[in-house]
Amino acid sequence: MAGSALFRNRYWVLRHGKSIPNERGIIVNGTLEEYALAPEGIDQARLAGELLCSELKENNIPIEDVQIYYSPFSRTTNTAKTVASVLNVPFEIPQCKAMEELRERFFGPELELQSHDKYPEIWALDEKDPFLGPEGGESVSDVSSRLAAALEIMEAECQGCAVVIVSHGDPLQILQTVVHAAKQHSGSGGESLSVRIEQVRVSSTLSQHRKFALLTGELRKIA
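Residues numbered from 1 in each chain as written. Predicted model: local features only at pLDDT ≥ 70, side-chain atom pairs only at ≥ 80, totals over all residues. Heavy atoms only, no water.

Per an unreviewed UniProt entry, the chain is named Phosphoglycerate mutase, and its organism is Acorus calamus.

Laid out in structure tokens, this is it:
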């Protein structure tokens, strides 16, 4: 099994299920249990696992070829663990692995624990200049850099696998933006993945990340 010509694997992204912070309408980072999945989010994660199972069967991909990488935050860990349970995959290395590079975007200390109503302001700033982040926080470019590093690790660790990336809204839409652009980029054809991604990490591309938004618990194949 192989992915696109650019990748050694096939890739799915999964945004975590609805979390307690989602229900409270707050921006938050962290691993505390109070930031875990809400009951509805657990159901969403289970449904995502069932959908993934169906897609694996349709593509004749054996469960032993599945690799799950997830953000270490509580809501993403809960989601990954639920999906692994549906697939009957042991929630431990080597098939499931927490990866710090997949953590939520840090929007800065002033926005931590603030209302979700702040998101449109952040995204307007992203569209204007994706290399400039909120005060004390990560820009779109910052996030794209660590996600590109995460992809490099996955490509080095896996070959011919079905890789599921469990992360958060902003990181996953930024990841999809650079992957889509890298696949469309008309280079010489001999560039490495890291070189191809670096070539497309430009303002006109990164500023459009909202086009790849995901709902909570949404699974999407990207490569």
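Once the structure has been displayed, the description carries forward.
Observations concerning the packing of aromatic side chains
Enumeration according to the criterion identifies four aromatic pairs in this entry. Above the ring of tryptophan 123, the side-chain terminus of arginine 210 is found at 3.6 Å from the ring centroid. Above the plane of the ring of tryptophan 12 lies lysine 221, whose end atom (NZ or CZ) is 5.5 Å from the centre. (Phe/Tyr/Trp six-rings, centres within 6.5 Å; stacked < 30°, edge-to-face > 60°. Lys NZ or Arg CZ within 6 Å of the ring centre and 35° of its normal.)

Quick word on unusual backbone geometry
Following isoleucine 93, the chain continues to proline 94 via a peptide bond in cis, the omega torsion being 15°. Residue placement: proline 94 occurs in the loop between helix H3 (74–87) and strand S3 (96–98). In the Ramachandran plot, asparagine 60 falls in the positive-phi region, its phi being about 55° despite a non-glycine side chain. Of note, asparagine 60 is situated in the loop between helix H2 (39–58) and strand S2 (66–70). (Helix = DSSP H or I, 4+ residues; strand = E, 2+ residues; numbered from the N terminus.)

Describing the sheet that holds S3
Here we have five strands laid out as an open sheet, ordered S3-S2-S4-S1-S5, and mixed in their pairing. The two strands at the open ends of the sheet, each matched to only one other strand, are S3 and strand S5 (219–221). Each strand of the sheet is rotated relative to its neighbour by a mean of 20°, with strand direction disregarded. Both S2 and S3 contribute to a ladder of three bridges, which runs parallel. Bridged to tyrosine 70 within S3 is alanine 98. Most of the contacts of H3 go to S2, to which it runs at about 165°, and overall it touches strand S1 (10–15), S2, S3 and strand S4 (162–167). (Pairing = 2+ DSSP bridges. Axes fitted to C-alpha atoms, helices over the stretch in contact; angles between N-to-C directions. Contact = heavy atoms within 4.5 Å.)

A look at the pairing of S1
In terms of burial, S1 is a largely internal element, six of the six residues being buried. The side-chain alternation of S1 yields two buried faces, one formed by Arg10, Trp12 and Leu14 and the other by Tyr11, Val13 and Arg15. In the sheet, S1 pairs with S4 via six bridges, with the strands oriented parallel. Paired with tryptophan 12 across the two strands is valine 164, which belongs to S4. Sheet analysis places S1 next to S5, joined by three bridges and oriented antiparallel. Within the sheet, the bridge partner assigned to leucine 14 lies in S5 and is leucine 219. (Buried < 20%, exposed > 50% of the residue type's maximum accessible area, 1.4 Å probe, protein only.)

Side note on the environment of lysine 118
Topologically, lysine 118 is positioned in the loop between S3 and helix H4 (119–128). Look at lysine 118 and you get partly exposed, because its relative accessible area is 30%. Taking the C-alpha atoms as reference, lysine 118 lies 17 Å from histidine 168; in sequence the two are 50 residues apart. Leaving out residues up to four positions away in the same chain, lysine 118 has contacts with Ile27 and Leu111.

With respect to the environment of arginine 210
Relative to the assigned elements, arginine 210 resides in the loop between helix H8 (203–206) and S5. Distance from arginine 210 to glutamate 127, taken between C-alpha atoms, is 8.9 Å for residues 83 residues apart in sequence. When sequence neighbours within four positions are dropped, the list of residues in contact with arginine 210 reads Trp123 and Gln173.

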